[in-house]
Amino acid sequence: MSASLDSNSWWGSARVLDDVHLHQGGGARERRASATMPMDHDVRAPSIGTVIAGTYRLDRVLGTGAMASVFAATHLRNANRVAIKILHFDLTNNVDVRIRFLREGYAANSVRHAGTVRVLDDGTTESGAAFFVMELLEGETLEALWERRGRQIPPLEVAELMVQLLDILSAAHAKGIVHRDIKPENLFLELEGTLRVLDFGVARVLEGTLTETRAGSVIGTLPYMAPEQMLGKCHEVDARSDLWSVGATAFTLISGRFVHDAETPEEMMVFNGSRQARSLAEVAPYVASEFVDVVDRALRFDRTERWSSALAMRAAFTEVCRRARGAGLAGGASSSASKEAEISAELPSHAHVDVVSADPPFVPTLVSSGAPDLRPVPVGLRPAPVTAARGHR
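All residue numbers refer to position in the chain's written sequence, counted from 1. Note on the predicted model: pLDDT of at least 70 is required for a residue's local features to be given, and 80 or more for side-chain atom pairs to be given and counted; whole-chain, interface and lining totals, by contrast, use all residues. Only hydrogens and water are set aside; all other atoms, that is, all heavy atoms of the structure, feed into the side-chain values.

Engineer: Looking at this model, I keep getting lost on helix α5 (residues 239-255). Mind explaining?
Structural biologist: Note on helix geometry: an α-helix contains 3.6 residues per turn, so any two residues three or four positions apart are oriented the same way. The way it works is that DSSP assigns letters per residue, a run of H or I at least four long becomes a helix, a run of E at least two long becomes a strand, and they are numbered from the N terminus. Helices are assigned an expected span. That span is 1.5 Å times one less than the residue count. Compared with an ideal rise of 1.5 Å per residue, which puts 17 residues at 24 Å, α5 spans 25 Å between its outermost C-alpha atoms and is within 8% of the ideal. Looking at the residues trailing α5, positive phi occurs at G256, about 75 degrees.

Engineer: How should the nonpolar core be read in this particular structure?
Structural biologist: Side chains of a nonpolar character, in soluble globular proteins, are inclined to be buried together. Remark: nonpolar core denotes a set of buried residues (Ala, Val, Leu, Ile, Met, Phe, Trp, Tyr, Cys) joined through side-chain atoms within 4.5 Å. In this scheme, a residue with accessible area under 20% of its type's maximum is buried, one over 50% is exposed, and one in between is partly exposed, where area comes from a 1.4 Å probe on protein chains only. Among the nonpolar cores identified, the biggest contains 63 residues, and L142, M162, L165, L280, F291, M313 and F317 are the most heavily contacted of them. The next biggest cluster of nonpolar side chains, apart from the first, holds 19 residues, and it includes V70, L91, F101 and L137.

Engineer: What am I meant to see in the pairing of strand β5 (residues 56-64) here?
Structural biologist: Moving residue by residue along a regular strand, the side chains alternate between the two faces of the sheet. We call two strands paired when DSSP finds no fewer than two bridges between them. Bridge count between strand β4 (residues 51-52) and β5: two bridges; the pairing is antiparallel. In the strand pairing of β5, I52 is matched with Y56. In this structure, β5 lies alongside strand β6 (residues 68-75), joined through seven bridges in antiparallel fashion. When the bridges of β6 are listed, V61 appears paired with F71. In this antiparallel pair of consecutive strands, β5 and β6, the connection spans three residues.

Engineer: How do you make sense of the sheet that holds strand β9 (residues 130-135) when you look at a structure like this?
Structural biologist: Strand pairs in the sheet, formed through backbone hydrogen bonds, run parallel or antiparallel to each other. Strand order in this open sheet of six strands is β4-β5-β6-β7-β9-β8, and the pairing throughout is antiparallel. The sheet is open, and its two edges are formed by β4 and β8 (119-124), each paired on a single side.

Engineer: Help me understand the pattern of salt bridges, please; the structure alone is not making it clear to me.
Structural biologist: Close approach of charged atoms allows side chains with opposite charge to pair. Within this document, salt bridges are pairs made up of a side-chain nitrogen of Lys or Arg and a carboxyl oxygen of Asp or Glu, the two lying within 4 Å of each other. All told, the structure shown has 20 salt bridges when counted by the stated rule. The residue E138 makes a salt bridge to R81 at a minimum N-O spacing of 3.7 Å. With E138 in strand β10 (residues 137-141) and R81 in strand β7 (residues 81-87), this pair connects stretches of sequence that are 57 residues apart. Its relative accessible area of 36% is what places E138 among the partly exposed residues. Put simply, R314 and D167 hold a salt bridge, and the shortest N to O gap is 3.5 Å. One end of the pair, R314, is in helix α9 (residues 310-326); the other, D167, is in helix α3 (residues 155-174), with 147 residues separating them in the sequence. We classify R314 as partly exposed; its relative accessible area is 28%. Look at D167 and you get partly exposed, because its relative accessible area is 29%.

Structural data, given as structure tokens:
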């Protein structure tokens, strides 16, 4: 029997970096097999209130991953609020890791798109750990939104999010940058509905001066890795590999399932690297065929059969959204948004706002005519106000 999607399972934030490197439960527990990353990190994370580089005061921890910790911080002179990502102390002297860590900022900045997270500064802490300073975002990741929505997001909302994502990726691909780790955890939805792509730390520059990935290296997150990534065929990893990950992300956000059911990381690796992905229709038969076709094409095992570019896939999703709206299924959105705004104004700024009226409007969910989806869901993407700047590993 295949294991279910559980937050405490191995795939909570499974990731592979050169050697097998897996997280459990979103990073709370870890299992490693690595020659360069020891079982117990000497993190030596600065304490809250510490001032680093004489400029930034650390206010609170936003997250800790395998490579770094992320803090909300305040610039002492201009009072700007920022996020600071600090490499774990025992990884600082690892040249490859340090290069990869700092490369994240350079890659994201070079994309020059509002959907990336800009790096504002970098430096070294008093203890010698590398860090960089980023914009501080308010909102939540798509993974958090997915969890909050019961691990299923209506197809139209997913399609609209994928349109934003593919616009960002088209800008990155135009610069010769392949992200290689597109997944719900690396997609951040701001409070006003703008999507941001996080964590360019494993991005590959196809033509440039950044460090090249070694042949045979496996980089990415298991359930969202294209077959050529899983097989370590670095010379075959290109923009179409990211499109496979986009398809896998849409597949999971809609269905609550991964493209392949697997009981162990090893089995997932075998399936991703050797099997054609099943159709979204197999696990979500209620979804309209137009939407299924877009996702299924992105998930073709043979990359030459996938969408030719992020722009082409974006155009397909845009057309799906246009047809759904043209069918007149999106009525009532403005009244719902107005109601939410009124309620939000009456709550303290830190309150969790997720309004569901007694008689909420129905939103288009791109279901097939044979299986209408009449479940009421809140209109719009209104993330819980959680301040973060993710992308930690």
